[in-house]
Amino acid sequence: MNAPGESRFEVLLRDRRLGAALVLYAALALCWLQLRPQGGLLERDGYFHARYAQMLPEFGLSRTFDWTKASTWDGRFCDKEFLFHGLMVPFTRNAAEPVNGARVFLALLDAGILAALYFVLRRQKVPGAALFPLLLLCLGGPAVLRLLLIRSHVLSILLLVAGLGLMMEKRWKALAVLGFVFSWSYTFPLVLVMTAVPFAAGRWFGGGGLDWRSPLAAFGGVAAGLAVHPYSPHTMELFLTILDIVRGGLQGSGASMTLGAEIHPLSTRDFLLGMPMFVGLWMTIALCGWGLGKRVAAETMGALCAALFWLGMSMVFFRFVEYGAPLAALAAGMVFRDAWPGLRLHLASVRARAVAGGLAVALLAAHLWAMHYAAEVTAALDPPRYRGAAAWMARNLGEGETVVNLWWDDFPDLYYDGARQRFLWGIDPNFTQRWDPEVAGKLEAMRDQKTPLDARWLAETFHSRVMVLAHSLALRYPVLTTDAWKPVYVDASAVVFALTGPEGPPERMPADALRIADPDHAFRPTDRALTGDPKTEK
Amino acid sequence: MNAPAPREGWMAALLLVYVLLLFGGVHFASPGLSERDGYYHARLANQFFERGLSREFPWTQASTWREGYCDKEFLYHALMAPFCTNDAEPVRGALVLQTLLAALVVGMLWFVLRKQDVPHAWAFAALLLVMGVPVLYRMAMVRSHVLSMALAVFGMHLLYRQRWKALLALGFVYAWSYTFPMVLVMFAAPYVVGHWVGGGRLDWRSPLAAFAGVMLGLVVHPYSPQTLETFATILEIVRMGFSGRRHAELELGKEIYAYSTRAFLLAFPVWLAGMAAVTLCGWRLGRRLTPQAFGALFAALAWLAMTMTFSRFMEYGAPLACLAFGLIARDAWAANAAPQEAPQIETPPKDTPRRGGMAGLMRKDAAAAVLLLVVSAHAWIAYVFVRESMKCPPPRFRAASAWMAEHLEPGETVVNLWWDDFPDLYYDGYRQRYLWGIDPTFTLRLEPNGEGLAKLLEDMRAGRVPLDGAVLRKVFGARVMAVRKQALAGSIEKGLRNVRGAYRDDDAVLFWLQDDPQGGRP
C-alpha cells in the first residue's frame with residue numbers, strides 16, 4: 001500500500017518479498033554457475049581442498065602433511081583454513097569424487113555472502129537492500145569468478161561482510177569473537193583488521209568519533225585465534241610464510257620464486273575492461289557525492305573508506321577484488337540509504353530519471369556481461385589431469401612412495417587422485433623455500449629451465465623413482481622429447497618419466513640425444529611397467 | 001573567498017618562475033633528451049623555412065611520408081622554427097620553446113582557475129607538478145602534446161564560458177597544431193554531459209563547434225588532403241595499441257600501452273589520493289557543485305579512465321584533475337552553501353564544533369598537514385625527475401653521422417633497423433636517408449607492400465629471422481646499416497649475415513651490407 005506521496009519505485013523498494021526474490025535470484029545465479037557441468041575446476045587448488053576435507057576425519061589434527069615432502073608441511077603442518085575444511089567435511093563424503101560435494105558447499109557459501117550483504121544492509125535500514133547483493137554480480141566477471149573458486153577466501157568474504165555489520169554497530173566484543181573465528185577459517189585473518197582500521201578512520205572523518213575499540217578488538221581476536229588454535233604454534237610459522245608470499249608478489253619478476261598469477265596485478269586497461277562497472281560504480285559514487293548535496297552518516301563514511309582501501313589493494317594485488325567488490329556494493333548501499341531522502345526528490349525531474357534509467361540499463365548490461373564472462377570461462381575446463389597417471393602409479397609404485405612433481409601447482413590434481421603417493425611441493429613454493437632455500441632454488445631452476453634436469457639428484461635427494469609432469473608442460477623441455485628420456489606413462493594430460501633404472505635417462509647424455517623431436521609426436525600414449533618390461537603399448 | 005589579487009599574482013609569478021627554472025634547468029643540464037622524438041622536431045623546425053610546405057619527406061624511404069608527407073604538427077613546428085636557427089644544434093632552441101610551453105601549461109591552468117574565481121588558483125595550478133613523475137616527464141618532452149595540453153586547458157576555459165564560436169576557432173587551430181586534434185572534442189563531450197547531469201543546460205553547441213572546427217582545420221590545412229590519411233593512421237595506431245595485439249609483430253611506442261595497476265598506483269599517488277579525497281569529501285561536506293564544477297569533475301573522471309586505457313593520456317588527465325580540484329574547492333568554500341543535515345539513522349554525526357574554536361584550529365592543522373605532504377611529494381617527484389633526466393644520453397649517432405658524411409653520397413639510403421633510432425639519425429645525419437621512423441604504422445600503411453617491409457624489418461630486428469645484409473641491400477638499395485650499439489646484444493648479433501663492420505663507437509655501429517670489394521666511396 002502506498003504511503004501518501006510515495007512513488008511506485010519507493011513501494012517496490014519497500015517490498016520485502018521482492019527483495020527476497022532478488023536475493024534468491026542472485027543466489028540461484030551463482031549456484032547455477034557453481035554447479036553446472038564444467039568438466040573441471042578453474043582454480044586447481046579446489047582439488048586439494050576437496051580431498052583434504054574428505055580425508056580430514058581420518059587425518060585429524062596431525063601436524064605432518066607428508067604429501068609434500070620438500071615443504072615445511074612435512075612435520076610442521078598447519079591447516080590454515082581449519083574451519084573451512086571442517087565445514088566442508090559433511091559435503092565430501094564421496095571418496096571417489098569429493099569435489100562435487102565441495103561445489104555444493106561453495107554454492108551455499110556464495111548464497112551466504114549474498115544473504116549476509118542483504119541482512120547487514122537491512123539492519124542498517126537501507127531501502128531496497130536486496131539491490132546491493134545483486135550489484136555484486138554486476139561489478140565484473142573476474143569478481144564473480146572469485147566467488148566460484150573452491151577456496152577459503154569465499155568464507156572469509158562472508159565473515160568480512162558480517163564483520164562490517166558489527167563495525168557499523170560498534171559491537172567490538174562480537175568483533176573480537178569474529179576475529180577469533182577468522183583465524184581458524186582463513187590463511188590471512190588480518191584482513192579483518194585491515195578493514196577495521198580504515199573503517200574506523202572513515203567513521204572518525206565522518207564525524208562519528210574515534211572508535212579505537214573495534215580495530216583493537218579485531219586484532220585481539222585474530223591474535224588470540226592464532227595463539228589458541230588447533231595448530232599452534234605452527235600458525236605463526238605459517239603467518240611468516242604468508243608475509244614472504246606478499247613480499248615476493250610485490251617484488252614481481254625480481255622474486256626468487258614464480259608465484260601464482262593472482263598475486264600479480266593486471267594492466268590498468270584490463271582492469272577497466274574486465275571490471276567496468278566496478279570502476280564505474282566508484283565514479284558514480286564520487287559524482288553523486290557532489291551532485292546531491294547530502295552528507296552521509298559516520299558509519300557510511302567508514303564503509304566508504306574501507307571499500308576505498310580495498311579498491312587500492314585490488315590495484316596492488318588483483319586477487320583482492322574479492323574484498324573490493326563486495327565492500328563497494330555494501331558502501332554503495334549505505335550511501336544510497338543516506339542519499340535517498342534527497343534523491344527521491346530529484347527523481348521527480350526528467351533529467352534525473354533519464355540518468356537513473358541510463359544507469360539501470362548500464363547495470364543490467366554489466367550484470368549480463370559479468371555472468372556471460374564467468375559462464376564462458378568456466379565452460380569447458382580440464383578434468384583432473386592426473387587420473388590416469390595416478391592409476392599407473394598405484395599399479396607400479398609402493399604406497400607412500402614419493403613422486404617428483406616438477407611444477408608445484410600440479411600438486412592439487414596429483415593429491416586429488418594420487419593421494420596414495422607422496423609428492424614434493426605444492427600450494428605455494430614458499431613452503432619449500434622456508435624448508436630449504438637451496439633445494440627450493442634447485443627445483444625452481446630446473447622447472448624454469450635455468451639448469452638442466454638432473455635425474456640423479458632428484459632421485460637421490462627425494463628417494464624417488466619417477467617424475468610426473470603435465471603433457472603440455474613436458475613438451476616445453478626439449479631434452480624430455482629426446483631418446484634419452486623415455487616416458488613410462490603417457491596420456492593426453494600427463495607424462496611420467498622414470499628417474500632411475502633401465503627406464504631412466506642415462507647418466508651422461510649421448511651427443512645425438514639432443515635431437516629435438518616433432519612436438520606433435522613427442523609423446524605417444526604409453527603404459528609401461530616400471531621394471532622396464534614393455535607392457536601393452538597403445 | 002578570493003585571495004587578495006596582488007598576493008595571488010605574486011604567487012602565480014613565483015610559480016611560473018619555478019617552472020621555468022625546473023624545466024629549463026633540467027633541459028640544459030641533462031646530456032640528452034628523455035624522449036628522442038624531440039631531435040626529429042628540432043631538426044624539422046630547423047629545416048622549416050627551407051622545406052616550406054613540401055609533401056615529400058625523403059628521410060623515411062619505406063614510409064607513407066616519402067611522397068605523402070603531412071606535417072601533423074605544422075603550427076608547433078612553425079612556432080619552433082625561430083628558435084631552431086642554429087644548424088649545428090637546433091635542439092637547444094627547441095628546449096627553450098619547450099621550457100616556455102611547460103610554463104604556458106601551468107600558466108594557462110592558473111589563468112583558467114583564476115577566471116573561475118577559484119581561491120588560491122596558483123596552488124591548484126601547482127598541483128600539476130605533484131601529480132606524478134611521469135607527468136613531469138611528459139611536460140618536459142620536446143613534442144607537440146605539450147602545446148596541445150595548453151590548448152586543451154584553454155579549451156576548458158571556453159567550455160566553462162560556453163563560448164562555442166571561440167571553440168570552433170580553437171578547434172581549427174588545434175588541427176594545425178597537433179597530431180590528434182579530436183582531443184578537444186573528447187574534452188568537450190564529457191564536460192558537456194557532466195554539466196547537463198549536474199543541473200546545467202545541455203550545451204550541445206560547444207562539442208559540435210569543437211568538432212566542426214577540428215574538421216575544418218583538417219580540411220583547410222597546408223597539407224590537405226594528407227591530413228585525413230594521417231588521421232586514419234593515428235586511428236590505426238590507437239586501434240593496434242588498444243588491442244594489444246601486434247600487427248606484423250610490430251612493437252609500438254611504450255606510451256601506447258598501459259601501466260600495471262600497481263605501477264599506476266605508485267606512479268600517480270597524489271592524483272589517485274586526490275580523487276579518493278574528492279569522493280569522500282563530497283559525502284562529508286554535503287555541498288552541491290555548480291553544473292560547471294560538476295562537468296569538470298565528470299571530465300576529470302573520464303580522462304582518468306582514458307589514462308588507464310593509454311598511459312600517455314595522463315597529459316590530459318592530470319591537468320583536468322587540477323581544474324576539477326580547483327572548481328570543487330571553490331564551490332565547497334562558497335559562503336552561501338549550507339551543509340545538508342546528515343540522516344538521523346542510528347548514529348547522528350558528531351560534527352558540532354569542539355571546545356571553543358578547536359574545530360577551526362583542527363582544520364588549519366589538517367590543511368597544514370596536507371600542504372606539508374603535498375610539498376614533500378613534489379620534492380620527491382622533482383628529485384626523481386631530475387635524477388632520471390640526467391641519465392638521458394646525448395644524440396647517439398653524431399660521430400657515426402660524421403663517418404657517413406665522409407663515406408656515403410648525399411641522399412644515400414641507410415638502413416635503420418630500429419624505427420625509433422630515426423630521430424637521432426635524422427638530427428645529425430640528415431644528409432642521408434633512412435627507412436622508417438616516428439611510428440612504424442606509417443610503414444605498415446605504405447602501398448603496395450608496406451606490411452611486408454615492416455614485417456621484414458621487424459623480424460630481423462627481433463631476431464626471428466637472420467639479419468641478412470644481402471637481403472636488405474637488395475630490397476632497399478642501401479649499402480650501410482646503422483644500429484644502436486646496445487641493441488646488438490643478444491640474438492641479433494648471432495644472426496648477422498653478409499655484413500661487415502664499417503664503424504663502431506660507444507653508441508652506434510655501422511655495417512656495410514654485403515661485402516663491397518671497393519669499400520668506402522664508389
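Residues numbered from 1 in each chain as written. Chains lettered and ligands numbered in written order. Predicted model: local features only at pLDDT ≥ 70, side-chain atom pairs only at ≥ 80, totals over all residues. Heavy atoms only, no water.

**Quick look at the sheet that holds strand 6 (residues 508-513) of chain B**
Residues and elements named next belong to chain B.
Move 1: Read from one edge of the open sheet, 4 strands run 1-3-6-5, paired in mixed fashion. Unpaired on one side and paired on the other, strand 1 (414-416) and strand 5 (499-504) mark the two borders of the sheet. This sheet shows a mean twist of 30 degrees between the axes of neighbouring strands, independent of strand direction.
Move 2: Two strands pair when backbone bridges link them, and strand 3 (residues 480-484) and strand 6 are joined in this way by 5 bridges, in the antiparallel orientation. Bridge pairing in strand 6 links valine 483 to valine 509.
Move 3: Running at roughly 75 degrees to strand 6, helix 23 (residues 469-476) makes contact with strand 1, strand 3, strand 5 and strand 6 of the sheet. (Pairing = 2+ DSSP bridges. Helix = DSSP H or I, 4+ residues; strand = E, 2+ residues; numbered from the N terminus. Axes fitted to C-alpha atoms, helices over the stretch in contact; angles between N-to-C directions. Contact = heavy atoms within 4.5 Å.)

**A short note on the packing of helix 2 (residues 37-46) of chain B against helix 6 (residues 90-115) of chain B**
All names here are of chain B.
Move 1: The contact between helix 2 and helix 6 brings their axes to 8 Å, and the two run at 105 degrees. As far as their axial angle goes, helix 6 and helix 2 are roughly perpendicular. Contacts from Tyr39, Ala42, Arg43 and Asn46 in helix 2 reach Pro90, Val91 and Ala94 in helix 6.
Move 2: Considering only residue class, the contact of helix 2 with helix 6 consists of 5 nonpolar, 1 polar and 1 charged. (Parallel < 35°, antiparallel > 145°, perpendicular 65-115°, else oblique. Nonpolar A, V, L, I, M, F, W, Y, C, P; charged D, E, K, R; others polar.)

**Observations regarding the packing of aromatic side chains**
Move 1: Considering all chains together, one arrives at 81 aromatic pairs over all chains under this definition.
Move 2: Taking the centre distance of 5.9 Å and the plane angle of 80 degrees together, the rings of A:Phe317 and A:Phe320 count as edge-to-face.
Move 3: Note on A:Phe317: relative accessible area 4%, which makes it buried.
Move 4: Its end group placed over the ring of A:Tyr416, A:Arg51 keeps NZ or CZ at 4.9 Å from the ring centre.
Move 5: Here the basic side chain of B:Arg43 rests over the ring of B:Tyr427, its NZ or CZ set 5.0 Å away from the ring centre. (Phe/Tyr/Trp six-rings, centres within 6.5 Å; stacked < 30°, edge-to-face > 60°. Buried < 20%, exposed > 50% of the residue type's maximum accessible area, 1.4 Å probe, protein only. Lys NZ or Arg CZ within 6 Å of the ring centre and 35° of its normal.)

**Considerations on the side chain of A:Arg295**
Move 1: Its location among the elements puts A:Arg295 in the loop between helix 15 (276-291) and helix 16 (298-316).
Move 2: Within polar-contact distance, the side chain of A:Arg295 engages the backbone oxygen of B:Arg284 at 2.8 Å. (Polar contact = N/O pair within 3.5 Å; in protein donor to acceptor, adjacent residues only side chain to side chain.)

**What to know about the interface of chain B and chain A**
Move 1: Tallying the contact residues gives 51 residues for chain B and 55 residues for chain A.
Move 2: For the chain B face of the interface with chain A, the top three residues by lost area are B:Thr261, B:Arg262 and B:Trp283, together amounting to 21%.
Move 3: At the boundary of chain B with chain A, the tally comes to 0 salt bridges.
Move 4: Our enumeration of links across chain B and chain A arrives at 17 residue pairs in polar contact (both at pLDDT 80 or more).
Move 5: At 10 residues, helix 15 (residues 269-285) of chain B tops the list of elements feeding residues into the side of chain B that touches chain A.
Move 6: Along the lines of polarity and charge, the residues of the side of chain B that touches chain A split into 30 nonpolar, 12 polar and 9 charged. (Buried area = accessible area lost by both parts, 1.4 Å probe. Salt bridge = Lys/Arg side-chain N within 4 Å of Asp/Glu carboxyl O.)

**Regarding the domain arrangement of chain A**
Many analyses report the size of an interface as the accessible area lost when the parts associate.
Residue and element names in this part refer to chain A.
Move 1: Domain boundaries assigned for chain A yield domain 1 (8-377) and domain 2 (387-527).
Move 2: Between the C-alpha centres of domain 1 and domain 2 there is a distance of 37 Å.
Move 3: Each partner contributes to the interface: domain 1 provides 34 residues, whereas domain 2 provides 29 residues.
Move 4: Taken together, both faces of the contact between domain 1 and domain 2 bury some 3000 Å²; the carbon and sulfur share is 59%.
Move 5: Counting across the interface, domain 1 meets domain 2 through 3 salt bridges.
Move 6: Linking arginine 44 and aspartate 413 is a salt bridge whose minimum nitrogen-to-oxygen distance equals 2.7 Å.
Move 7: If you look at where domain 1 meets domain 2, you find 14 residue pairs in polar contact (both at pLDDT 80 or more).
Move 8: Broken down by secondary-structure element, the contributors of at least two residues to the side of domain 1 that touches domain 2 are helix 3 (45-59), helix 4 (73-76), helix 6 (98-123) and helix 13 (234-251).
Move 9: The element best represented in the side of domain 1 that touches domain 2 is helix 3, accounting for 7 residues.
Move 10: For the side of domain 1 that touches domain 2, the residue count by class is 17 nonpolar, 7 polar and 10 charged. (Domains from an automatic or database assignment.)

**Some thoughts on the sheet that holds strand 3 (residues 487-490) of chain A**
Residue and element names in this part refer to chain A.
Move 1: Read from one edge of the open sheet, 5 strands run 1-2-4-3-5, paired in mixed fashion. In this open sheet, the two edge strands, each paired with only one partner strand, are strand 1 (403-405) and strand 5 (526-527).
Move 2: Strand direction decides the pairing type here: strand 2 (residues 466-470) and strand 4 (residues 494-498), joined by 5 bridges, are antiparallel. Pairing of valine 468 across the sheet is with valine 496, part of strand 4.
Move 3: Packing of helix 19 (residues 387-396) onto the sheet brings it into contact with strand 1, strand 2, strand 3, strand 4 and strand 5, and relative to strand 3 it is tilted by some 135 degrees.

**Thoughts on unusual backbone geometry**
Move 1: Here the residue pair A:Ser232 and A:Pro233 is connected by a cis peptide bond, since its omega of -5 degrees sits within 30 degrees of zero.
Move 2: Mapping A:Pro233 onto the fold places it in the loop between helix 12 (213-227) and helix 13.
Move 3: Note the cis peptide between B:Ser224 and B:Pro225, where omega equals -5 degrees.
Move 4: Within the secondary structure, B:Pro225 is located in the loop between helix 12 (205-219) and helix 13 (226-243).
Move 5: Of note, the phi angle at A:Ile427 is positive, near 70 degrees, even though the residue is not glycine.
Move 6: Here A:Ile427 lies in the loop between helix 20 (411-417) and helix 21 (430-435).
Move 7: The exposure class assigned to A:Ile427 is buried, which follows from its relative accessible area of 11%.
Move 8: Here B:Gln162, not a glycine, exhibits a phi torsion of approximately 55 degrees, which is positive.
Move 9: With respect to the helices and strands, the residue B:Gln162 is situated in the loop between helix 9 (145-160) and helix 10 (164-177).

**Points about the state of the cysteines**
All names here are of chain A.
Move 1: The tally for this structure, following the rule as stated, stands at 0 disulfides over all chains.
Move 2: Left unpaired, cysteine 138 is separated from the closest cysteine sulfur, that of cysteine 288, by 16 Å.
Move 3: For cysteine 288, a relative accessible area of 27% translates into the label partly exposed. (Disulfide = S-S within 2.5 Å.)

**A few points about the nonpolar core**
Move 1: Grouped together as the largest cluster of nonpolar side chains are 299 residues, with contacts concentrated most on A:Phe65, A:Leu330, A:Met467, A:Leu469, A:Leu480, B:Phe23 and B:Tyr316.
Move 2: Considering every element that reaches this core, the biggest residue donor is helix 17 (residues 321-346) of chain A, with 14 residues.
Move 3: Counting the residues that make up this core, at least three belong to each of domain 1 (8-377) and domain 2 (387-527) of chain A.
Move 4: Setting aside residues no more than four positions away along its own chain, B:Tyr316 makes contact with B:His145, B:Ser148, B:Met149, B:Ala152, B:Tyr174, B:Tyr178, B:Val183, B:Phe187 and B:Trp303. (Core = buried A, V, L, I, M, F, W, Y, C linked by side-chain atoms within 4.5 Å.)

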